[in-house]
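Residues per chain, in single letters:
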Amino acid sequence: MLSEFKAFIAKGNVMQLAVAVIIGAAFGKIVTSLTDDVIMPLVGAIFGGADFSSYFILLSAPEGYEGAMNDYAALKEAGAAMIGYGAFITAIINFLILAFIIFLLVRYANKVTAQFEKQEEEAAPAPVGPTETELLTEIRDLLKK
């Protein structure tokens, strides 16, 4: 069983998948930073709010909570029941950015793959068959028999 596991891990696809997961996690952090630090402050400025991700609807405050009722982070830490629609919109924008970038990468990879396949087809020599003279000679010989 251990040798089968080693053979499975040593396959190229598993190693490529591991590298892709690590790079994807790092890329996700870059997109999150782009959304949180660049895009959402611009959206917040357009819609009149300084921090769009802290928009929420408070359903009920926890018992004994004495902090500000408009502090999203403090209410969330205290366990308040609320709908954080600003954080949800931020997550949707993160997803759309990631999906669009992945679409562009896959589109580019498909174009490159198609280009390589086309070059290989053009570079492949045409199948060599008998010449016209050889075919006629073979037909003549068959007819003589």
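Residues numbered from 1 in each chain as written. Predicted model: local features only at pLDDT ≥ 70, side-chain atom pairs only at ≥ 80, totals over all residues. Heavy atoms only, no water.

**Q** I keep staring at the overall build of the chain and nothing clicks. Help me out?
**A** Of the regular secondary structure elements, the chain holds 5 helices and 2 strands. When the helices and strands of the chain are placed in sequence order, the string is α-α-β-α-β-α-α. Against the compact-globule benchmark of 15 Å for 145 residues, the chain has a radius of gyration of 31 Å, which places it well outside the compact range. Taken over 145 residues, the chain has a buried fraction of 12%. Sequence-distant contacts in the chain: of pairs separated by 6 or more residues, those separated by 24 or more amount to 49%. Working note: accessible area of the chain is about 11,700 Å², and carbon and sulfur atoms make up 67% of it. Seen as two clouds, the 10 positive and the 16 negative side-chain charges of the chain have centres 15 Å apart. (Helix = DSSP H or I, 4+ residues; strand = E, 2+ residues; numbered from the N terminus. Rg over C-alpha atoms; globule rule 2.2 N^0.38 Å. Buried < 20%, exposed > 50% of the residue type's maximum accessible area, 1.4 Å probe, protein only. Contact = heavy atoms within 4.5 Å. Areas by Shrake-Rupley, 256 points an atom, 1.4 Å probe, with all protein chains shown as cover. Lys, Arg positive; Asp, Glu negative; His and termini not counted. Charge placed at Lys NZ, Arg CZ, Asp CG, Glu CD.)

**Q** What is the right way to read the pattern of salt bridges from this model?
**A** Once their charged atoms are close, side chains differing in charge can pair, the charge on each being opposite to the other. In total, this model carries 1 salt bridge according to the counting rule given. When the shortest N-O distance is used, the salt bridge between aspartate 141 and arginine 140 registers 3.3 Å. Take aspartate 141: its relative accessible area is 34%, and that puts it in the partly exposed class. Classification of arginine 140 as partly exposed rests on a relative accessible area of 43%. (Salt bridge = Lys/Arg side-chain N within 4 Å of Asp/Glu carboxyl O.)

**Q** Quick question: what am I supposed to make of the nonpolar core here?
**A** One finds Phe56, Tyr72, Leu75, Ala80 and Met82 forming the largest nonpolar core, which totals 5 residues. Excluding residues that lie within four positions of it along the chain, phenylalanine 56 makes contacts with Met69, Asn70, Asp71, Tyr72, Leu75, Met82, Ile83, Gly84 and Tyr85. (Core = buried A, V, L, I, M, F, W, Y, C linked by side-chain atoms within 4.5 Å.)

**Q** Explain the environment of threonine 90 here, please?
**A** Within the fold, threonine 90 resides in helix α4 (residues 85–123). By relative accessible area, threonine 90 is classed as buried at 6%. Placed 30 residues apart in sequence, threonine 90 and glutamate 120 show a C-alpha to C-alpha distance of 45 Å.

**Q** Looking at this structure, how should I read the packing of aromatic side chains?
**A** How two aromatic rings sit relative to each other is set out by the distance from centre to centre and by the angle between their planes. Going through the model one piece at a time under the given rule, you end up with 3 aromatic pairs. With a centroid separation of 6.2 Å and 45 degrees between ring planes, the pair formed by tyrosine 55 and tyrosine 85 is classed as tilted. Placement of tyrosine 55 in the loop between α2 (12–46) and β1 (57–60) and of tyrosine 85 in helix α4 is noted, with a sequence separation of 30 residues between them. By relative accessible area, tyrosine 85 is classed as partly exposed at 36%. For the pair phenylalanine 56 and tyrosine 72, a centre-to-centre distance of 5.4 Å together with 45 degrees between the ring planes defines the contact as tilted. Here phenylalanine 56 is found in the loop between α2 and β1, whereas its partner tyrosine 72 is found in helix α3 (residues 72–78), with 16 residues between them in sequence. Tyrosine 72 matches phenylalanine 56 in its accessibility class, with the two residues each being buried. (Phe/Tyr/Trp six-rings, centres within 6.5 Å; stacked < 30°, edge-to-face > 60°.)

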